[in-house]
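# Structural overview for review
Single-letter residue listing:
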4 protein chains.
Amino acid sequence: MIESSVIEAQNAKRAADLDADFDALGAKLARRGVDINALVERAKTFGVAVPSWGTGTGGTRFARFPGAGEPRDIFDKLDDCGVIQTLTQATPTVSLHIPWDKADPSDLLAKAAQYGLSFDAMNSNTFQDQPDQAQSYKFGSLSHTDAATRAQAVEHNLECIEIGQSLGSKALTVWIGDGANFPGQTHMGRQFERYLASMKEIYKGLPDDWRIFSEHKIYEPAFYSTVVQDWGSSLLTAQELGDKAMCLVDLGHHAPNVNIEMIVSRLIHAGKLGGFHFNDSKYGDDDLDSGTIEPYRLFLVWNELVDAQATSGLDLAHMIDQSHNVTDPIESLMISAIEIQRAFVQASLVDRDALKGYQDDNDALMASATLRGAFRTDVEPILARARLETGGAIDPIMTYRASGYRAQVASVRPKVSGAGGGIV
Amino acid sequence: MIESSVIEAQNAKRAADLDADFDALGAKLARRGVDINALVERAKTFGVAVPSWGTGTGGTRFARFPGAGEPRDIFDKLDDCGVIQTLTQATPTVSLHIPWDKADPSDLLAKAAQYGLSFDAMNSNTFQDQPDQAQSYKFGSLSHTDAATRAQAVEHNLECIEIGQSLGSKALTVWIGDGANFPGQTHMGRQFERYLASMKEIYKGLPDDWRIFSEHKIYEPAFYSTVVQDWGSSLLTAQELGDKAMCLVDLGHHAPNVNIEMIVSRLIHAGKLGGFHFNDSKYGDDDLDSGTIEPYRLFLVWNELVDAQATSGLDLAHMIDQSHNVTDPIESLMISAIEIQRAFVQASLVDRDALKGYQDDNDALMASATLRGAFRTDVEPILARARLETGGAIDPIMTYRASGYRAQVASVRPKVSGAGGGIV
Amino acid sequence: MIESSVIEAQNAKRAADLDADFDALGAKLARRGVDINALVERAKTFGVAVPSWGTGTGGTRFARFPGAGEPRDIFDKLDDCGVIQTLTQATPTVSLHIPWDKADPSDLLAKAAQYGLSFDAMNSNTFQDQPDQAQSYKFGSLSHTDAATRAQAVEHNLECIEIGQSLGSKALTVWIGDGANFPGQTHMGRQFERYLASMKEIYKGLPDDWRIFSEHKIYEPAFYSTVVQDWGSSLLTAQELGDKAMCLVDLGHHAPNVNIEMIVSRLIHAGKLGGFHFNDSKYGDDDLDSGTIEPYRLFLVWNELVDAQATSGLDLAHMIDQSHNVTDPIESLMISAIEIQRAFVQASLVDRDALKGYQDDNDALMASATLRGAFRTDVEPILARARLETGGAIDPIMTYRASGYRAQVASVRPKVSGAGGGIV
Amino acid sequence: MIESSVIEAQNAKRAADLDADFDALGAKLARRGVDINALVERAKTFGVAVPSWGTGTGGTRFARFPGAGEPRDIFDKLDDCGVIQTLTQATPTVSLHIPWDKADPSDLLAKAAQYGLSFDAMNSNTFQDQPDQAQSYKFGSLSHTDAATRAQAVEHNLECIEIGQSLGSKALTVWIGDGANFPGQTHMGRQFERYLASMKEIYKGLPDDWRIFSEHKIYEPAFYSTVVQDWGSSLLTAQELGDKAMCLVDLGHHAPNVNIEMIVSRLIHAGKLGGFHFNDSKYGDDDLDSGTIEPYRLFLVWNELVDAQATSGLDLAHMIDQSHNVTDPIESLMISAIEIQRAFVQASLVDRDALKGYQDDNDALMASATLRGAFRTDVEPILARARLETGGAIDPIMTYRASGYRAQVASVRPKVSGAGGGIV
């Protein structure tokens, strides 16, 4: 844990600068008729879930280079999540992955309570084989040609719901790697029908106050076709399942050049947007830290979300979904949470009345400038003040480094040997 | 017109070789239990519509380099379409574009009858301004913020239906360029709602035995967002309109890397695939000749279509949609029609029982090899025989060149001056 | 022309706010040890060339929707360029396109002098046919199979040099559309050799104090292959020509996902980076306003340029290269110039010593944060102050609109009829 | 090993059909003036190297699903390579990967001799950490900021050369994963300079009759930038090193839409094409079986290679570089070798005189048709005859399955447990 004395000492060093920056920004926003304190309160309402597995060092197809003090189990992971929440005050929930995080529910709840954390959407895993598994997922899971394999995958998802119920979760996210590596390997229509039939079985077991999220991805691990390859297939799935079924969009799961904020808008139109997985990417599903590659794209996604929240009360599950290969995962998750929160606050700054006026007048230049003006506003003082007022750190990264947390856990968590990637 | 004596003379030169090739292929197919003559009959059932405007030389954003003997009007275009049908016997219909092709319906019908041609889907145009137009489409048409502009665009589409009715057409294809060049220029949700409202107005005017096709395209002429940008938005459109509304897929209108045959499969699943526009492309909507860049992709699309036709009686509108910049358009249209027909026949050769067996067994290698085996079969003798038996040319290109048609029309159709592209 | 009284009146309205913002930013930067006034001086050194043709409304392949008061000739264009420079003080040069801008050199010099403008790199045009042209460029220009066509294209480039010499220009930019629409249409190796031979002829005519820029583009107007398709081919060209030959990078001319700032870095390494064309894009060569789609990418390009200027004295030609379809071109060019200047100043704010330390320590997180910190700094007060101190407008767009310039020129420049695009 | 009696029995079943198909094709080619027997002889000259690691089942970032009878070590791998060569007669060489394949050279030579195999280019590995390694490659290898790490990586490459010399290899292929996951993580210019300096050290240790291949890849495992990201950087590397340094092109290592055959052409022009890695892909570096996704692209690559071999005596290293996740690797490698050989023979069928004529005349349509005509020719009888005459199998897959080889090795090679991918 991070001692509050460490946080206070670090904050003390930065308080005066923050005050100055905050006042200057406050004055500037006031001239535009914007109340900075309202934005601070708004920033405090923000929360994004941390994926439990994100606290470990990820790998690529080629190799995995472990870091120091990697979490040994879900309890270590929750300790790390606690650090992130303590310092950023922006990540009040954790998203579990089954079977990786299986443990006694009461122990999980107790550990989470230590940090004021609760549990977000559950994630099932039918893209890997577990040691004790009867049927292999080598050729698919929920859409497999073999009924027994499909039944096993359905059963696993039902178990995830059951575990989630004991933890207070209210949603199940389903992402599968099923697909094909060759034209002809599968009959794409029949495979989709099998997938839908399996999903309907899972849906039957979904409690009334739960939602099920269908997550699409264009490719990987299948390299020719993927069952739920884009938002169109995800939409068909959510439509066929029913009202509790929604679509989840991951920023890195699209074809090159695709306008992702537009997909957000379309799913909002269809009443089927249920969640968003944040990360950043340049090429494929790169799972890089949010806001580090194309920060304006992140802002444009939030521009749609904030707009919809204002007009339709959109209720969305947000999760960070990244793989950290060359950084301390705790640091990367904090940076990501802050960047996502930053875009949320910047999007909240958009003058929507003015924007609507420009849009109605087809004043493309000023409409565009209105968005850029909000994006350009350096809202760091707002974020820092929100953290400060809720017990977090003005500068989470520097405070974390000052705390010596990583060295401390490295001394008790044994070194993990460098496992290879998928390449033999 | 192409004199039948020219065709006969040319065919005579090639008849012996064709017989030899046909017999060899027949023997080979017979060993696989396939009757070559049944394939010839199947090839004869094939037809793809020629777009009237495809007979002119296209241009790019940068320039247009006119060719000799370009058609002056729709009647010249129909003459050119007649040549294509005469020689290939694979293009029995023509698709008109309004207002470019407006003319007295009885004159159109008479001219078409000369060549045994009929009229396929009508195409509206609200992506360009016409000289006498009250409202400009600079900032959109069916989705414009201004009600009068939307009404004008709706009215134009209704007129297209009316014209089509007088010509025996049974479908309207709607593609619009509406979108935005800047983030923020339009509210993407409200813009889509305006689009849907306009489409519903058009749908009201659709005769009972007509279909309306929604055609998507990822970008161009709008470069940040497009109202109907992908098959998901197209599907939402068709779903909201009703049973007579279907989606049309154009091979060149997708993001890079997208699996197009999978979109075909998904729309078939949804009961919403209505048509396909053929061409080929390497980068964007390049509108190159069908089958000249990625012939296997064309085959894989047909593999889905033939499969669905066999199992569900899929009834699809097919059209060539290309722009010919460096070739004689008549030659390119003939090549395209033949390549599309080739893929159709090759896909008809797939041993679907064997394929299903491999798929059920997850024998990815043999499933894939089954498709490649069909694709690898050189079905040219089947295509040539089908043409020969229906009065066409064994070698349409060489026969066309021998006929001197281009030089002949060049002598009566005045030379068009080289207009620039959109670049000033 | 924009009356200085208009500028002064507009500036007066915004002076107090600017002072407040400037002081707040100055205080903040001072805490980091950065002198804001030095940055203002640095901003004043910035200049980017305006392309003469950018002052007209562009079009797409589908249509061109003309705007009011479009320039009739190069003198109108220079008037518009004068407005841009007067208000932004960031565009002291104009880049001409031949033959579009052919006129008496002394008249051009006189008109430019009116606004304190001078002439940047010359641009040749062998991608369109001119009315009086002996050989057509339909199948290529500098790389054409026909020697007479190549000679004509070489001659045109030599004429551009000659005109440029009379105007004080010191560079020739060569971009050609030569390529192919079909595999096999050209022999790619021999075509490249013909191109190089032609370029060598042009190079022979290059004055000693001139440079020739080779500009690559992945596709369009050719849709299968392009002679100078990427920086590799551009580099080979510059290497074979000699020391006066350099490469020019246009932000929109790359394959999807390509890391453009890395190309900048590699060409700097090779000693062959000569110029950069600014714009923005999401899909292809969209030619959208600079900094409106991916502002961070623009910053990252400048991060490389500023770094290289500091260490190696890189001397680069900068030009805006955009097509404005839905905005007033003067407004778009001003926005672009400002966004480019913004990225330049932000990149100048990067703490390069700290960055180098993080890089040497493989502290990826802090290295990345260092760049983001500079990018996040809202340097608008610096840009506005630089404009104010050099006679420009604090807010160029609002000042331009207040001036009524567009309405004024629309009253004397006749309305241009809406020409179609390349689509027939 | 595959008993020759098995091969003979299988061939006997197919001999009559092959004769019939061969004669029919021979007659058809004869009418075009092509001697089928010359093509059979040409097919026999073909050889592509099998990568030793390709005989194991690959994995993705997400999981690895092992197959039955996976090779335990390089000797098992050589047994599998022996099967491939015995049946296809198209893979006379094996490419080793160090340290995976380290063993006593005389044992390796003895085992290879058993199957008539020899050793192709050596592959170094500095993208993974080995258990006993002093310096980690987490942040790079040949381009690492730390001199000791670079020295270790150089040393490893020199060892690869040494091993290769003892095995009769004549080339070293260098591919590194060095790059960055964040803008700013590395100084791209200095990183490249460090890479070049390391490569020069390796080059110094290169025997006179060896070549060193620089292999580029756009991304993965680094997701923001990669040191040798494209052929431009690879070319700079080969140029700076010297005459023995060449570029190697892998089909899956490019940005979307890139014209790969054009890169082949440009490197041939530069005198720097040294090798080609075959596979196929739809999205990224998918490493799918050659010729199964875009067979025409494979043909177009060969079209350039065959053309260059004819005119300039190009001497190229060919290797299959794939990862087999859902098939028996031996089967996939045989299919790939055959598809690569097929494209080679088809490209050899192109009538280059006719093609040159069409190109010189800008008859794009017939030039394109000339390539398609060669591609459409089903050369399977030529390939099968070449195999038959050299002791291989008419149908390698069916013969392999009939042999029971996989079951046989599965009984002696222990089952590998399913390792996870890089994802924690």
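Please read all numbers here as calculations on a predicted model, not as lab measurements.

## Considerations on the overall build of chain A
Each helix and strand counted, chain A has 15 helices and 11 strands in total. In terms of overall dimensions, chain A has C-alpha extents of about 65 × 60 × 40 Å along its principal axes. Within chain A, buried positions represent 69% of all 424 residues. In chain A, the share of contacts with a sequence separation of at least 24, taken over all contacts with a separation of at least 6, comes to 78%.

## A word on the packing of aromatic side chains
Enumeration according to the criterion identifies 70 aromatic pairs over all chains in this entry. Note on Phe375 of chain A and Phe375 of chain C: the rings are 6.0 Å apart at their centroids and 55 degrees apart in plane angle, and the pair reads as tilted. Of the two residues, Phe375 of chain A sits in helix H12 (residues 364-376) while Phe375 of chain C sits in helix H12 (residues 364-376), which places them in two different chains. Each member of the pair, Phe375 of chain A together with Phe375 of chain C, is buried. Ring-pair connections join several aromatic residues into one group, and the members of that group are Tyr296, Phe299 and Phe375 of chain A together with Tyr296, Phe299 and Phe375 of chain C.

## Examining the interface of chain A and chain D
Every contact between the two is made by 55 residues of chain A and, on the other side, 54 residues of chain D. Surface buried jointly by chain A and chain D totals about 4,700 Å² across both partners, of which 64% is contributed by carbon and sulfur atoms. As a salt-bridge pair, Asp287 of chain A and Arg61 of chain D come within 3.2 Å of each other at their nearest N and O atoms. Here chain A and chain D share 13 residue pairs in polar contact (both at pLDDT 80 or more) between them. Residue composition of the side of chain A that touches chain D, by class: 24 nonpolar, 20 polar and 11 charged.

## Some words on the pairing of strand E11 (residues 317-320) of chain C
All names here are of chain C. Because side chains alternate across E11, one face comprises the buried residues Ala317 and Met319, and the other comprises His318 and Ile320, equally buried. Of the pairings in the sheet, the one linking strand E10 (residues 273-278) to E11 comprises 4 bridges and is parallel in character. Residue His277 lies in a different strand from E11, and its bridge partner there is Met319. Assessed by its sense of winding, the connection that carries the chain from E10 through helix H9 (residues 295-312) to E11 is right-handed.

## Structural notes on H12 of chain A
Residues that lie three or four places apart on an α-helix share one face, since the helix turns once every 3.6 residues. Residue and element names in this part refer to chain A. With 13 residues, H12 extends 18 Å between its outermost C-alpha atoms, agreeing within 8% with the 18 Å of an ideal straight helix rising 1.5 Å per residue. In terms of burial, H12 is a largely internal element, 10 of the 13 residues being buried. Those residues of H12 not exposed but buried are Ala364, Leu365, Met366, Ala367, Ser368, Thr370, Leu371, Arg372, Ala374 and Phe375.

## Digging into the interface of chain B and chain A
At the interface, 52 residues of chain B touch 52 residues of chain A. Interface of chain B and chain A: buried area, both sides summed, is about 4,500 Å²; carbon and sulfur atoms make up 57% of it. The tally of links from chain B across to chain A stands at 0 salt bridges. Broken down by element, the residue count for the side of chain B that touches chain A peaks at 7 residues, all from helix H7 (residues 231-241) of chain B. In the side of chain B that touches chain A, the residues fall into 22 nonpolar, 20 polar and 10 charged.

## Considering the relation of the copies chain B and chain A
Superposition of the two copies of the chain requires a rotation about an axis and a shift along the axis. Of the two same-sequence chains, chain B is brought onto chain A (RMSD 0.0 Å, axial shift 0.0 Å) by a rotation of 180 degrees. The superposition of one copy onto the other is thereby described by a two-fold rotation axis. Proximity to the rotation axis, assessed at the C-alpha, singles out Gly232 of chain B in chain B; its C-alpha lies 2.1 Å from the axis. A shared binding surface is used by both copies, with 100% of the interface residues of chain B retained as interface residues in chain A.

## Topic: the packing of helix H9 (residues 295-312) of chain A against helix H10 (residues 329-348) of chain A
Residues and elements named next belong to chain A. At a closest axis distance of 8 Å, the pairing of H9 and H10 adopts a crossing angle of 55 degrees. Accordingly, the angle class assigned to the pair H9 and H10 is oblique. The hand of the H9/H10 crossing is right-handed. Where H9 approaches H10, its residues Leu298, Phe299, Trp302, Asn303, Val306 and Gln309 are matched on the opposing element by Glu339, Ile340, Ala343, Phe344, Gln346, Ala347 and Ser348. Taken together, the residues of the contact of H9 with H10 break down into 8 nonpolar, 4 polar and 1 charged.

## Some remarks on the environment of Val83 of chain B
All names here are of chain B. Structurally, the position occupied by Val83 is in helix H3 (residues 74-88). Along the backbone, Val83 and Tyr400 are 317 residues apart, and their C-alpha atoms lie at a distance of 8.3 Å. Every residue in contact with Val83, bar those within four places of it in the chain, is listed here: Ile2, Ile330, Tyr400 and Tyr405.

## Here's the deal with the sheet that holds strand E10 (residues 273-278) of chain B
All names here are of chain B. Spatially, E4-E5-E7-E9-E10-E11 is the arrangement adopted by the 6 strands of the open sheet, whose pairing is parallel. Each edge of the open sheet is held by one strand with a lone partner, namely strand E4 (122-123) and strand E11 (317-320). Packing against the sheet, helix H6 (residues 188-204) makes contact with strand E5 (171-174), strand E7 (211-215) and strand E9 (245-250), and its axis sits at approximately 155 degrees to E7. Across the sheet, H7 is in contact with E7 and E9; its angle to E9 comes to roughly 160 degrees.

## A word on the UniProt feature "domain: Xylose isomerase-like TIM barrel" (unreviewed entry) in chain A
As recorded in UniProt, the feature "domain: Xylose isomerase-like TIM barrel" (unreviewed entry) lies at residues 96-287 of chain A. Annotated as residues 96-287 of chain A, this span is 36% helix and 15% strand, and its ends, taken at the C-alpha atoms, are 18 Å apart.

## Some remarks on the pattern of salt bridges
Close approach of charged atoms allows side chains with opposite charge to pair. Per the stated rule, a full pass over the model turns up 153 salt bridges over all chains. For Lys28 of chain C, the salt bridge identified is with Asp378 of chain A, shortest N-O distance 3.6 Å. A residue pair is termed interchain when its members come from two chains, as with Lys28 of chain C in helix H1 (residues 4-31) and Asp378 of chain A in the loop between H12 and helix H13 (380-389). For Asp378 of chain A, a relative accessible area of 14% gives the class buried. What emerges from the salt-bridge pattern is a single network uniting Lys28, Arg372 and Arg376 of chain A together with Glu339, Arg342, Asp378, Glu380 and Arg387 of chain C.

## A word on unusual backbone geometry
In this chain, Ile98 of chain B is followed by Pro99 of chain B through a cis amide linkage whose omega measures 15 degrees. In this fold, Pro99 of chain B is placed in the loop between strand E2 (93-95) and helix H4 (105-114). In this model, Asn362 of chain B sits at a positive phi of 55 degrees, which is unusual for a non-glycine residue. Relative to the elements of secondary structure, Asn362 of chain B occurs in the loop between helix H11 (352-360) and helix H12 (364-376). Since its relative accessible area comes to 12%, Asn362 of chain B is described here as buried. The phi torsion at Glu220 of chain C lies on the positive side, around 80 degrees, for a residue other than glycine. Mapped onto the fold, Glu220 of chain C is located in the loop between strand E7 (211-215) and strand E8 (225-226).

## Topic: the sheet that holds strand E9 (residues 245-250) of chain A
Residues and elements named next belong to chain A. Spatial strand order, E4-E5-E7-E9-E10-E11: 6 strands in an open sheet with parallel pairing. The open sheet has two edge strands with one neighbour each: strand E4 (122-123) and strand E11 (317-320). The pairing of E4 with strand E5 (residues 171-174) spans 2 bridges and is classified as parallel. Within E5, the residue paired with Asn123 across the bridge is Thr173. Relative to E9, helix H7 (residues 231-241) is tilted by about 160 degrees, and along the sheet it contacts strand E7 (211-215) and E9.

## Notes on the side chain of Asp280 of chain B
All names here are of chain B. Along the chain, Asp280 turns up in the loop between E10 and helix H9 (295-312). When its relative accessible area of 1% is taken as the criterion, Asp280 is described as buried. A distance of 3.3 Å separates the side chain of Asp280 from the backbone nitrogen of Gly291, its partner in a polar contact. Only 2.8 Å separates the side chain of Asp280 from the side chain of Arg297, close enough to count as a polar contact. Leaving out residues up to four positions away in the same chain, Asp280 has contacts with Leu251, Asp286, Asp287, Leu288, Asp289, Ser290, Gly291, Thr292, Ile293, Glu294 and Arg297.

## A look at the packing of helix H10 (residues 329-348) of chain C against helix H14 (residues 396-403) of chain C
All names here are of chain C. Contact geometry of H10 with H14 gives a least axis separation of 10 Å together with a crossing angle of 160 degrees. Overall, the two elements H10 and H14 adopt an arrangement that is roughly antiparallel. Handedness of the crossing formed by H10 with H14: right-handed. For the pair formed by H10 and H14, the contact residues are Ile330, Glu331, Met334, Ile335 and Ile338 on the first element and Pro396, Ile397, Tyr400 and Arg401 on the second. Its residues assigned to classes, the contact of H10 with H14 shows 7 nonpolar, no polar and 2 charged.

## Comments concerning helix H1 (residues 4-31) of chain A
Arg14 of chain A marks where H1 of chain A bends most, by close to 45 degrees. Taken together, the buried positions of H1 of chain A are Ile7, Gln10, Asn11, Leu18, Asp21, Phe22, Leu25, Gly26, Lys28 and Leu29 of chain A. Looking at the buried residues of H1 of chain A, the elements they touch are helix H2 (36-44), helix H3 (74-88), H13 and helix H14 (396-403) of chain A together with H1 of chain C. Immediately downstream of H1 of chain A, the backbone of Gly33 of chain A shows phi near 85 degrees, a positive value.

The rules behind these values
- Residues numbered from 1 in each chain as written.
- Chains lettered and ligands numbered in written order.
- Predicted model: local features only at pLDDT ≥ 70, side-chain atom pairs only at ≥ 80, totals over all residues.
- Heavy atoms only, no water.
- Helix = DSSP H or I, 4+ residues; strand = E, 2+ residues; numbered from the N terminus.
- Buried < 20%, exposed > 50% of the residue type's maximum accessible area, 1.4 Å probe, protein only.
- Contact = heavy atoms within 4.5 Å.
- Phe/Tyr/Trp six-rings, centres within 6.5 Å; stacked < 30°, edge-to-face > 60°.
- Buried area = accessible area lost by both parts, 1.4 Å probe.
- Salt bridge = Lys/Arg side-chain N within 4 Å of Asp/Glu carboxyl O.
- Polar contact = N/O pair within 3.5 Å; in protein donor to acceptor, adjacent residues only side chain to side chain.
- Nonpolar A, V, L, I, M, F, W, Y, C, P; charged D, E, K, R; others polar.
- Pairing = 2+ DSSP bridges.
- Right-handed = clockwise from strand over helix to strand, strands pointing away.
- Expected span 1.5 Å × (residues − 1).
- Least-squares fit on C-alpha atoms with pLDDT ≥ 70 in both.
- Axes fitted to C-alpha atoms, helices over the stretch in contact; angles between N-to-C directions.
- Parallel < 35°, antiparallel > 145°, perpendicular 65-115°, else oblique.
- Left-handed = near helix turned anticlockwise from the far one by under 90°.
- UniProt positions renumbered as here; feature names shortened; annotations may be inferred.
- Bend = angle between axes of the 7 residues up to and from the residue.

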